[in-house]
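# Structural characterization, general
The lines below spell out each chain.
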Amino acid sequence: MKRLKFMAVLFLAASTFLIGAPIKAETPATSVDVTKDGWWLTPYKATKEWTIGVSYTDVSISYIAALQKAVQNKAKEMGVKIIEVDAKNDTNVELSNVENLLQQKVDLLLFEGASLKASGASIEAANKAKIPVVHFNILAEGGEYVTFVGSNQIDSGITMGKQIDKLYKELGKPTLNGIYMRGIAGYITDEIRNQGVKDTLKEAGIADKIKWTEQYADFSRGKAQSVAESILNKSADYDFVIANGDDMILGALGAVKSAGLIGKVRLYCSVDGLPEVLDGIKSGEIVSTVFQNPEGQGAGGIMAATMYLDGTKDLPKQILIPFVLTDKSNVGDIMTIANRVYKQ
């Protein structure tokens, strides 16, 4: 009988241990190294169901829509509640949205500013309400913030500039004629990418060797095609096209095809890494793009915000997600990443 009682005690103790043991150990915030590539893929559970307000610039832009999917997927995985708003690239709408989020007593504002300077009003509103701010994708000026998770946007412009310098040397012509598809006038990323392109060409000593035709196409594929068709109807004497966003290079590709200029007018470089552009690189219709990682910026942004709320107060002021020049040599690797957020 004593032996049976002893065995019963052992069984109960073992049962309690097994029942109490977690099926899968979760990664504590303190062990997540945000300096390592792919840190945002680390499985992570929030200590409680935090409520995080998320403000996007304009989800009608393909890259921002992918960014949103990445945020949503990671929030679901971590067990946090998100309240999402879209500024539609209007800082007045943005401020109104943020004020509504603050009234809903969010624990933190995850913020993608629509303007470099004017978005400061939204940041300051959150500061006044004592709600912490984490920037992602775009780092606007003004106010106090915890950290920025995103890419150094000027690097994408610098990379495009280096690609043009490479083409100039390859072709050996005294001057090159280029079409530059710009995004939205005054939009932060468009301005910074343009600066990166022009500064790089100046440093390379060929700024005066590139003759530009520049047009804004609002990051829109349809508008970019219309703009490019209008340009090419006036003259087909162009060596290349670059664009500050992949949707616009796809629009330009349509125009170049319609004009029968594939092979003569090179679709040389853009920014984002949309699957259709990656397909174009594989087929040889597009030379390259500068991949920016919506998963790293979106999932990383919401994860850093949650880690802060969970008690990690020593996050770096900037957590940078590097751009990757993508051409035929590495397009397969980049396609694997892009498909996770663009083809869901």
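Please refer to the structure higher up on the page.
Residues numbered from 1 in each chain as written. Predicted model: local features only at pLDDT ≥ 70, side-chain atom pairs only at ≥ 80, totals over all residues. Heavy atoms only, no water.

Each helix and strand in the protein chain was counted, giving eleven helices and 13 strands. For the C-alpha atoms alone, the extent of the protein chain along its principal axes is close to 100 × 45 × 35 Å. Out of the 344 residues in the protein chain, the part that is buried amounts to 52%. When the accessible surface of the protein chain is totalled, it reaches about 15,700 Å², and 53% of it is carbon and sulfur. For the protein chain, the separation between the mean place of its 38 positive charges and that of its 40 negative charges on side chains is 6 Å. (Helix = DSSP H or I, 4+ residues; strand = E, 2+ residues; numbered from the N terminus. Buried < 20%, exposed > 50% of the residue type's maximum accessible area, 1.4 Å probe, protein only. Areas by Shrake-Rupley, 256 points an atom, 1.4 Å probe, with all protein chains shown as cover. Lys, Arg positive; Asp, Glu negative; His and termini not counted. Charge placed at Lys NZ, Arg CZ, Asp CG, Glu CD.)

On to the pairing of strand β4 (residues 133–136), then. Residue alternation in β4 divides its side chains into two sets, V133 and H135 and V134 and F136, and both sets are buried. Sheet topology note: the strand β3 (residues 108–111)/β4 ladder contains three bridges and is parallel. Bridge pairing links L110 to V134 in β4. Between the parallel pair β3 and β4, the chain is carried across by helix α4 (residues 120–128), and the sense of this crossover is right-handed. (Pairing = 2+ DSSP bridges. Right-handed = clockwise from strand over helix to strand, strands pointing away.)

Enumeration over the complete set of coordinates arrives at 13 salt bridges. The salt bridge partner of D165 is K169, with a shortest N-O separation of 3.3 Å. Taken together, the residues D165 and K169, both in helix α5 (residues 153–171) and four residues apart, mark about one turn of the helix. Note on D165: relative accessible area 14%, which makes it buried. Overall, K169 belongs to the exposed group, its relative accessible area being 61%. The salt bridge partner of D218 is K223, with a shortest N-O separation of 2.9 Å. Through salt bridges with shared partners, one network takes in R182, D190, K198 and E214. (Salt bridge = Lys/Arg side-chain N within 4 Å of Asp/Glu carboxyl O.)

Counting residues in hydrophobic clusters, the biggest one holds 75 residues, and the most contacted among them are W39 and M181. If we ignore the near neighbours within four places in the chain, the residues touching W39 are V32, D33, V34, V149, G300, M303, A304, I319 and I321. If you look at the next biggest cluster of nonpolar residues, it comprises 17 residues, including I164, V197, F240 and C269. (Core = buried A, V, L, I, M, F, W, Y, C linked by side-chain atoms within 4.5 Å. Contact = heavy atoms within 4.5 Å.)

Within the span of α4, buried status applies to G120, S122, I123, A125 and A126. The secondary structure elements touched by the buried residues of α4 are α3 (91–103), β3 and β4. Of the residues trailing α4, K130 is marked for its positive phi of about 60°.

Attention now moves to the environment of I82. Mapping I82 onto the fold places it in strand β2 (residues 81–86). The residues contacting I82, other than those within four sequence positions of it, are I52, V54, V71, Q72, A75 and I302.

Glancing now at unusual backbone geometry. Phi at N89 takes a positive value of approximately 60°, unusual for a residue other than glycine. Relative to the assigned elements, N89 resides in the loop between β2 and α3. A positive phi angle is found at K105, which is not glycine, with a value near 60°. Its location among the elements puts K105 in the loop between α3 and β3. Its relative accessible area of 66% is what places K105 among the exposed residues.

Geometry only, nothing functional implied.
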